[in-house]
Amino acid sequence: MTEVLPTVLLVEDDDAIQGIVEDALREGGFESTSAKSGEEAVTLLKSRLVAYCALVTNINLLGSLTGWEVARAARETDPNLPVIYISGAAAHDWPAQGVPNSIILQKPFALAQLTTAVSQLLNERSVADLGKA
């Protein structure tokens, strides 16, 4: 029987970075679905065809939506969805623009930081869900 891995939605328009992050997520025990634009990511989220365990998004994306807007749309779909922002230039806007209970990783970051951030937010979500039971 094949183990079903939790799936992370990755929103990154740089092919090289996308490939590196996908590899890191796979090594960390996650599947990933990738989108290059904010619009594509929001469409995937709203379709609910996949129950994403987390969102990893760059801030500056192809198309008209930013990573900030993608994260807000994701939280409309799932108010507790873990969000990790990855950015080279927009990290200073995170306190004002980021959704609550999110993490930002400033590029360049160690790939282990990414899988640690995803796992940390998933663990926090699990503890919060247990508290509601």
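Structural notes, computed from the coordinates.

The rules behind these values
- Residues numbered from 1 in each chain as written.
- Predicted model: local features only at pLDDT ≥ 70, side-chain atom pairs only at ≥ 80, totals over all residues.
- Heavy atoms only, no water.
- Buried < 20%, exposed > 50% of the residue type's maximum accessible area, 1.4 Å probe, protein only.
- Helix = DSSP H or I, 4+ residues; strand = E, 2+ residues; numbered from the N terminus.
- Pairing = 2+ DSSP bridges.
- Contact = heavy atoms within 4.5 Å.
- Salt bridge = Lys/Arg side-chain N within 4 Å of Asp/Glu carboxyl O.
- Axes fitted to C-alpha atoms, helices over the stretch in contact; angles between N-to-C directions.
- Parallel < 35°, antiparallel > 145°, perpendicular 65-115°, else oblique.
- Phe/Tyr/Trp six-rings, centres within 6.5 Å; stacked < 30°, edge-to-face > 60°.

Quick look at the pairing of strand S5 (residues 102-106)
Along any regular strand, the residues point their side chains to alternate faces of the sheet.
Thought 1: Within S5, four of the five residues are buried, leaving the element largely enclosed by the surrounding structure.
Thought 2: Relative to S5, strand S4 (residues 83-87) is paired through five bridges, and the arrangement is parallel. Across the sheet, Tyr 85 pairs through a bridge with Ile 104, a residue of S5.

A look at helix H3 (residues 67-77)
Thought 1: In terms of burial, H3 is largely enclosed, as eight of its eleven residues are buried.
Thought 2: Looking only at H3, the buried set comprises Gly 67, Trp 68, Val 70, Ala 71, Ala 73, Ala 74, Arg 75 and Thr 77.
Thought 3: Contact partners of the buried residues in H3: strand S1 (7-11), helix H2 (38-47), strand S3 (52-58), S4, helix H4 (94-97) and S5.

Focus on unusual backbone geometry
Thought 1: Geometrically, the link from Lys 107 to Pro 108 is a cis peptide bond, its omega value of -5° lying close to zero.
Thought 2: Considering the arrangement of structural elements, one finds Pro 108 in the loop between S5 and helix H5 (111-132).
Thought 3: A positive phi angle, close to 55°, is found at Asn 101, a residue other than glycine.
Thought 4: Looking at where Asn 101 falls in the secondary structure, it is placed in the loop between H4 and S5.
Thought 5: For Asn 101, a relative accessible area of 64% translates into the label exposed.

Examining the pattern of salt bridges
Thought 1: Applying the stated criterion across every chain, the model contains four salt bridges.
Thought 2: Across the pair Lys 36 and Asp 15 runs a salt bridge whose closest N-O atoms are separated by 2.0 Å. One end of the pair, Lys 36, is in the loop between strand S2 (31-35) and H2; the other, Asp 15, is in helix H1 (residues 15-27), and 21 residues separate them in sequence.
Thought 3: Residue classification places Asp 15 among the exposed residues on the basis of a relative accessible area of 53%.

Comments concerning the pairing of S3
Thought 1: For S3, the buried fraction is high: seven of the seven residues fall into the buried class.
Thought 2: When S1 meets S3, the two strands line up parallel, connected through five bridges. Across the sheet, residue Leu 10 finds its bridge partner in S3, namely Val 56.
Thought 3: By the bridge criterion, four bridges tie S3 to S4 in an arrangement that is parallel. Looking at S4, one finds that Thr 57 is bridged to Tyr 85.

Considering the packing of H2 against H3
Thought 1: Interaxial distance between H2 and H3 falls to 10 Å at its minimum, and their mutual angle equals 5°. Of the possible angle classes, the one that applies to H2 and H3 is roughly parallel. Mapping the contact onto sequence places Gly 38, Ala 41, Val 42, Leu 45 and Lys 46 in H2 and Val 70, Ala 73, Ala 74 and Thr 77 in H3.

Focus on the packing of aromatic side chains
Thought 1: Under the defined criterion, the tally for this structure stands at one aromatic pair.
Thought 2: Ring centres of Trp 68 and Tyr 85 lie 4.7 Å apart, and the angle between their planes is 55°; this geometry places the pair in the tilted category. Of this pair, Trp 68 sits in helix H3 while Tyr 85 is found in strand S4, placing the two residues 17 residues apart along the sequence.
Thought 3: Judged by relative accessible area, Trp 68 falls into the buried class, the value being 6%.

Read these as spatial facts, not as claims about activity.
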